[in-house]
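# Remarks on the overall topology
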Amino acid sequence: MPELDSAFADPAGHRAVKAFTRLVRTAGRGSHQISVVAVEGEGSAYHASCTVSVDREDRVRYCPEKAVDVVVVFRAAFGVAPVIGAGVLVRTLTEEGSRVQGWRLQGQWLTPLSEGEIFDAACTGPDGDVQPPEYGVTYAAGAPLGPPPLV
């Protein structure tokens, strides 16, 4: 994803591009909705999402502007803004069905959420009420993204 690499030369930007790239590679083939949120200390939040498609030949397609938005939020989470928490959800659609995975910011990198944490997050409404799970959706633990990049 070279067009992203050249846009973010600082350490937080480099780490943000690598996070986006590793999420896409980890997600594999299918259509993926990548949504990221970072919350500042005052309670305001940054949010962005991007749809990424990976076909049978492993060609990756996405809207560059939306990808940049996601990377900007990751960059804020990795040290540019006073962020107190951040997370990312990836909803994947394939011929086999729908899957939701997630990660949280821990230190300066993304740590996978467990299947139970994803299920709880997806089945809790904004007011804290329990909601039924979506039919046909698998709530899966986030896959390890490997060690954070050296910057």
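Report on the accompanying structure. Source: prediction; values computed, not measured.

### Points about the environment of T124
In this fold, T124 is placed in the loop between helix 4 (115-122) and strand 7 (137-139). A polar side-chain atom of T124 sits 2.6 Å from the main-chain carbonyl oxygen of D120.

### Describing the pattern of salt bridges
Applying the stated rule across the entire model yields eight salt bridges. A salt bridge links R56 to E95; its shortest N-O distance comes to 2.7 Å. In this pair, R56 sits in the loop between strand 2 (45-54) and strand 3 (60-62) while E95 sits in the loop between strand 4 (83-94) and strand 5 (97-106), placing the two residues 39 residues apart along the sequence. Given a relative accessible area of 58%, R56 falls into the exposed group. Notably, a salt bridge pairs E57 with R59, separated by 2.9 Å at the nearest N-O pair. Bridged by salt links that share partners, the residues D55, E57, R59 and R61 form one connected network.

### Considerations on the pairing of strand 5
Examined bridge by bridge, strand 4 and strand 5 share eight bridges and lie antiparallel to one another. By the bridge assignment, R91 is partnered in strand 5 with V100. The turn linking strand 4 back onto strand 5 is made up of two residues. Bridge count between strand 5 and strand 7: three bridges; the pairing is parallel. In the strand pairing of strand 7, S98 is matched with V137. Bridge count for strand 5 against strand 6 (residues 109-112) is four bridges, and the pairing is antiparallel. Residue L105 lies in a different strand from strand 6, and its bridge partner there is L110. Where strand 5 folds back onto strand 6 in an antiparallel hairpin, the turn is made up of two residues, including G107, whose phi is positive at roughly 70°.

Reading the values: the criteria
Residues numbered from 1 in each chain as written. Predicted model: local features only at pLDDT ≥ 70, side-chain atom pairs only at ≥ 80, totals over all residues. Heavy atoms only, no water. Helix = DSSP H or I, 4+ residues; strand = E, 2+ residues; numbered from the N terminus. Polar contact = N/O pair within 3.5 Å; in protein donor to acceptor, adjacent residues only side chain to side chain. Salt bridge = Lys/Arg side-chain N within 4 Å of Asp/Glu carboxyl O. Buried < 20%, exposed > 50% of the residue type's maximum accessible area, 1.4 Å probe, protein only. Pairing = 2+ DSSP bridges.

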